[in-house]
Protein chains: 2
Amino acid sequence: MKIGELSRATGTNIETIRYYERIGLLPPPARTDANYRSYDGGHRARLSFVRHSRDLGFTIEEIRSLLDLSDHPDRDCSEADRIATRHLQQVEEKIAQLSALRDELQRIVGRCRGGLAGDCRVIEALGDHGQCEGAH
Amino acid sequence: MKIGELSRATGTNIETIRYYERIGLLPPPARTDANYRSYDGGHRARLSFVRHSRDLGFTIEEIRSLLDLSDHPDRDCSEADRIATRHLQQVEEKIAQLSALRDELQRIVGRCRGGLAGDCRVIEALGDHGQCEGAH
DNA sequence: TATGCAGCCTGTAGCCACTACAGGGTCAAG
DNA sequence: CTTGACCCTGTAGTGGCTACAGGCTGCATA
């Protein structure tokens, strides 16, 4: 299959596929006489693996390790578990951060009465150093 | 105050302060005879505003608009409210996304029994197209 | 007076994970 | 024989910094 078909089959941008090849995440495929890339099922599976991993937020380097494990079924898979567990922790941290941030934004947004910028609580709150809570 | 003091006072990297000046977020300060940047309280307040906004996840362009409003107290502040509300929505969406992602990661991580990579459920799950749920 | 070192300056390049061209070649249909 | 979809390489841009390289200034100490 040509790059456009692979792109449609996996929902991956053509430029991204070439990018993955350039950084060594996908092996260089065979070429047609016209120098077009020619992919097979293995490439497709590998790209799906990469996309699914990216969708889950793994970094390229993490995916490189995971692919490496998947290429060597005889190795111990605890490394894969470690990567996934650490990533899960990071996601949980990020959620906690964003939740705190959402709370502060909600406090700020709720205060706008639609007057002039000079009296605006939103702008005022941003100028504060975060101690607006107990300040008045 | 010199750039190092401003850096300590606001918890902002020196390179970042110069970066903000370069992109026009902070006005160029006066210079000493030795060509050192010389900041005043106004600069400090503005930088605090920027840092606080960045901590809340506003983009540079959004901060530019917010600063513009804060520079013109006679304008209507509904624009500030609009920016903050939209940003809040984005944060909420992000949290929802990450929560879904966390759930999937938890499912994946919980399945590793520590065997060989060839039998690893983590790697297997990543290779799937996300239909692993009802598949077996 | 010499010397060392912290701090400042400019300018450029790197980070991540793409994305978007420019400028060209290839191929099948009409 | 032309049109238009598709493919190629190579380079530069995105956001928001961060990290140098290579050089200047200012102050304390020997």
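Quick caveat, the model's predicted, so the values are computed rather than measured.

S.K.: Outline the protein's contact with DNA strand C, supporting the account with residue identities and numerical values.
M.R.: Close to DNA strand C lie 20 residues; Y20(A), R54(A), R18(B), Y36(B) and R37(B) are nearest. Here T16(A) contributes a side-chain N or O atom positioned 3.2 Å from a phosphate oxygen of DNA strand C. Between a base nitrogen of DNA strand C and a side-chain N or O atom of Y36(A), the distance comes to 2.9 Å. Only α2 (14-22) and α3 (41-55) of chain A together with α1 (3-10) and α2 (14-22) of chain B provide two or more residues apiece to the surface near DNA strand C. The greatest single-element share of the surface near DNA strand C, amounting to 4 residues, is contributed by α2(A).

S.K.: Which residues make up the interface of chain A and chain B, and what are the values?
M.R.: Between chain A and chain B, the contact holds 50 residues from the first and 50 residues from the second. Between chain A and chain B lies a buried interface of about 4,100 Å² when both sides are counted; carbon and sulfur atoms form 76% of it. Where chain A meets chain B, there are 0 salt bridges. The tally of links from chain A across to chain B stands at 8 residue pairs in polar contact (both at pLDDT 80 or more). For the side of chain A that touches chain B, the secondary structure elements donating two or more residues are α3, α4 (60-71), α5 (78-109) and α6 (121-127) of chain A. Broken down by element, the side of chain A that touches chain B gets its largest block of residues, 19 residues, from α5(A). Each residue belonging to the side of chain A that touches chain B can be placed in one class, and the counts come to 25 nonpolar, 15 polar and 10 charged.

S.K.: Lay out the nonpolar core with the relevant residues and their values.
M.R.: One finds F58(A), F58(B) and V122(B) to be the most contacted residues of the largest nonpolar core, which totals 69 residues. Viewed by domain, this core spans two of them, domain 1 (3-75) and domain 2 (93-136) of chain A, each represented by three or more residues. For V122(B), the contacting residues outside a window of four places in its chain are A80(A), A84(A), I108(B) and C112(B).

S.K.: So what about the relation of the copies chain A and chain B? Which residues, and what values?
M.R.: Each of the two chain copies goes to the other by way of a rotation about an axis and a shift along it. With an RMSD of 0.1 Å, chain A superimposes on chain B once it is rotated by 180 degrees and translated 0.0 Å along the axis. Such values leave the two copies arranged in the relation of a two-fold axis. Among all residues of chain A, the one whose C-alpha sits closest to the rotation axis is I95(A), at a distance of 2.9 Å. Looking at the interface residues of chain A, 100% of them are also at the interface in chain B, so both copies use one shared face.

S.K.: Account for the protein's contact with DNA strand D, with residues named and values stated.
M.R.: Taken together, 20 residues surround DNA strand D, and among them G4(A), R18(A), R37(A), Y20(B) and R54(B) come closest. Counting only the atoms of DNA strand D within 4 Å of the protein, the fraction contributed by sugar and phosphate is 77%. Within the contact set of DNA strand D, a sugar or linking oxygen lies 3.3 Å away from a side-chain nitrogen or oxygen of Y36(B). Secondary structure elements with two or more residues in the surface near DNA strand D: α1 (3-10) and α2 of chain A together with α2 and α3 (41-55) of chain B. Sort the elements by how many residues they give to the surface near DNA strand D and α2(B) lands first, with 4 residues. Residues that form the surface near DNA strand D fall into these classes: 8 nonpolar, 5 polar and 7 charged.

S.K.: Could you give an account of α2(A), with specific residues and numbers?
M.R.: Owing to its 3.6 residues per turn, the α-helix aligns residues three or four sequence positions apart on the same side. Residues and elements named next belong to chain A. All buried positions along α2 are accounted for by I17, Y20 and E21. Taken end-on, α2 shows its buried residues confined to a sector of 100 degrees, consistent with a single buried face. Exposed positions of α2 whose direction lies more than 90 degrees from the buried face are E15 and R22. Tucked inside the fold, the buried residues of α2 contact α1, β1 (30-31), β2 (37-38), α3 and α4. The backbone nitrogen of E15 has a side-chain oxygen 3.2 Å away, supplied by the residue at the start of α2, namely N13.

So, how was this worked out
- Residues numbered from 1 in each chain as written.
- Chains lettered and ligands numbered in written order.
- Predicted model: local features only at pLDDT ≥ 70, side-chain atom pairs only at ≥ 80, totals over all residues.
- Heavy atoms only, no water.
- Near = heavy atom within 4 Å.
- Polar contact = N/O pair within 3.5 Å; in protein donor to acceptor, adjacent residues only side chain to side chain.
- Helix = DSSP H or I, 4+ residues; strand = E, 2+ residues; numbered from the N terminus.
- Contact = heavy atoms within 4.5 Å.
- Buried area = accessible area lost by both parts, 1.4 Å probe.
- Salt bridge = Lys/Arg side-chain N within 4 Å of Asp/Glu carboxyl O.
- Nonpolar A, V, L, I, M, F, W, Y, C, P; charged D, E, K, R; others polar.
- Core = buried A, V, L, I, M, F, W, Y, C linked by side-chain atoms within 4.5 Å.
- Buried < 20%, exposed > 50% of the residue type's maximum accessible area, 1.4 Å probe, protein only.
- Domains from an automatic or database assignment.
- Least-squares fit on C-alpha atoms with pLDDT ≥ 70 in both.
- Arc of directions from axis to C-beta.

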